[in-house]
Amino acid sequence: MGIRVAPRMRGVAESGTVRMGNLERELRARGVQVISFALGEPDFDTPAHIKEAAAEALRSGFTHYTASRGIPELRAAIAEKSARENGIPCTPDEVLVTPAKLGIYEAMMAFVGEGDEVIVPDPGWVSYGPMVGLAGGRPVNVRLREEDDFRMTPELVAMAVSPRTRMIIVNSPSNPTGTVMTGADFRGIADIARDRDLLVLSDEIYEKLVYDGRHISIASLDGMQERTITSSGFSKSYAMTGWRVGWLVAPKALMGPIDTIQQHSLTCCTSFAQKGALAALKGPQDCVTRMFEEFRRRRDYIVGRLNSSGLFECRRPSGAFYAFPRYHLKRPSLELAERLLSEAHVGLTPGSAFGAGGEGYLRISYANSMENLGKGMDAIEQAMGRF
Ligand SMILES: Cc1ncc(COP(=O)(O)O)c(C=O)c1O
């Protein structure tokens, strides 16, 4: 006996994004000026009216537990938004207020069991695979192709489905590729999910950052709401990553087990942060539009710079705030990212952090000022010219 790490931790590796973040912090602590293209968060401050609503909640003593599913007025506002913007008509009882990341984890813990297979995009967000593993399941990677614009096509999903499949994860707009999936993609995946009686977890955290095309929620398609758990939140659209507030929308039958996990883990989201989140939904939306416009401007700039450098090939991502260029050098992406950090002092994320399908690519988060984007690209070009 004695102290040992639980067997479920086997094979769950440190997150590649966290590793690069730590290296970046170490360099900064030594006094080096680092330009970061690694962060998965808006560089903007949370809009003032949102901060004021939370501050007012604090001042007025709104500092205690709330209902596990969240304060009623926020759940009502999320339900109303889901119906209006996402085509998912739902009641407040079908909404759980929870940090987006935790909500996804709770959904896996509730519905993925030993040996169950979950279909995940590759390259895809770093936490899907480990979360499936922690729940006892097995992630089945769908290798996305650059020639398909990294869309998770129904054909690729059909090839990955087996009798053990329980859940399909879709993420549009995507981290790390910025890809926005099409209506045909979603209709084809919905057909597979209905035919095989599968759950779909739709991660829509970047839903407000779609520059070309439009955002589609798979739960809005015929017969899909009953089998879809939709995850989204405030982090990326309202520059509220540190607030740890987001939500899940799911039919009552699915929400019950998820809420039970929330009751025995988080209890509830931070009370005053929920008041700030309510102000985000109810208040003026011009802050969202301003950030959106600025991100689009930066996307166009960074994609132009990458493609004119002669060092990279980069599709124009339609959403989120990531570019995912392929580089021409024959080096592993981790080695390249580490060298760019130590020699050019630019932090970015190796594509391999997002799965084997990300090897040969780098993820550049353009949630940084135009000035820094320019300086960072200059430094990358100079350094890579030497490598
Ligand atoms: C694809 C994706 N899903 C979920 C999350 C989690 O969001 P939050 O920080 O709001 O929990 C992130 C954050 O980086 C993400 O990129």
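These lines cover the structure that appears in this document, whether it is placed above or below.

**Looking at empty space enclosed by the protein**
Under the criterion given, the structure shown has two cavities of 30 Å³ or more. Roughly 80 Å³ of volume is contained in the largest cavity. Lining the largest cavity are 14 residues, with Pro121, Leu144, Phe150, Asn171 and Ser174 positioned closest to its centre. The element that contributes the greatest number of residues to the lining of the largest cavity is strand β5 (residues 165–171), accounting for three residues.

**Concerning the site of the ligand**
Neighbouring the ligand are Ala100, Lys101, Trp125, Tyr128, Asn171, Asn175, Asp203, Ile205, Tyr206, Ser235, Lys236 and Arg244. Measuring from an oxygen atom of the ligand, one finds a side-chain N or O atom of Arg244 at 2.8 Å. For the ligand, whose unbound accessible area comes to 400 Å², protein coverage reaches 91%. Its residues assigned to classes, the shell around the ligand shows five nonpolar, three polar and four charged.

**Things to note about the packing of helix α2 (residues 48–59) against helix α9 (residues 271–282)**
If you want to describe how two helices pack, look at the angle between their axes and the distance between the axes. At a closest axis distance of 7 Å, the pairing of α2 and α9 adopts a crossing angle of 145 degrees. α9 is crossed by α2, and the crossing has right-handed handedness. Residues His49, Ile50, Ala53, Ala54, Ala57 and Leu58 of α2 form the contact with α9, whose own contacting residues are Phe272, Lys275, Gly276, Ala279 and Ala280. Considering only residue class, the contact of α2 with α9 consists of eight nonpolar, two polar and one charged.

Analysis parameters
- Residues numbered from 1 in each chain as written.
- Predicted model: local features only at pLDDT ≥ 70, side-chain atom pairs only at ≥ 80, totals over all residues.
- Heavy atoms only, no water.
- 1 Å grid on protein atoms, 1.4 Å probe; cavity = no way out; pocket = protein on both sides within 12 Å on 5 of 7 lines; lining within 4 Å.
- Points joined across faces, edges and corners; volume = space filled by probe spheres on them.
- Helix = DSSP H or I, 4+ residues; strand = E, 2+ residues; numbered from the N terminus.
- Near = heavy atom within 4 Å.
- Polar contact = N/O pair within 3.5 Å; in protein donor to acceptor, adjacent residues only side chain to side chain.
- Areas by Shrake-Rupley, 256 points an atom, 1.4 Å probe, with all protein chains shown as cover.
- Nonpolar A, V, L, I, M, F, W, Y, C, P; charged D, E, K, R; others polar.
- Axes fitted to C-alpha atoms, helices over the stretch in contact; angles between N-to-C directions.
- Left-handed = near helix turned anticlockwise from the far one by under 90°.
- Contact = heavy atoms within 4.5 Å.

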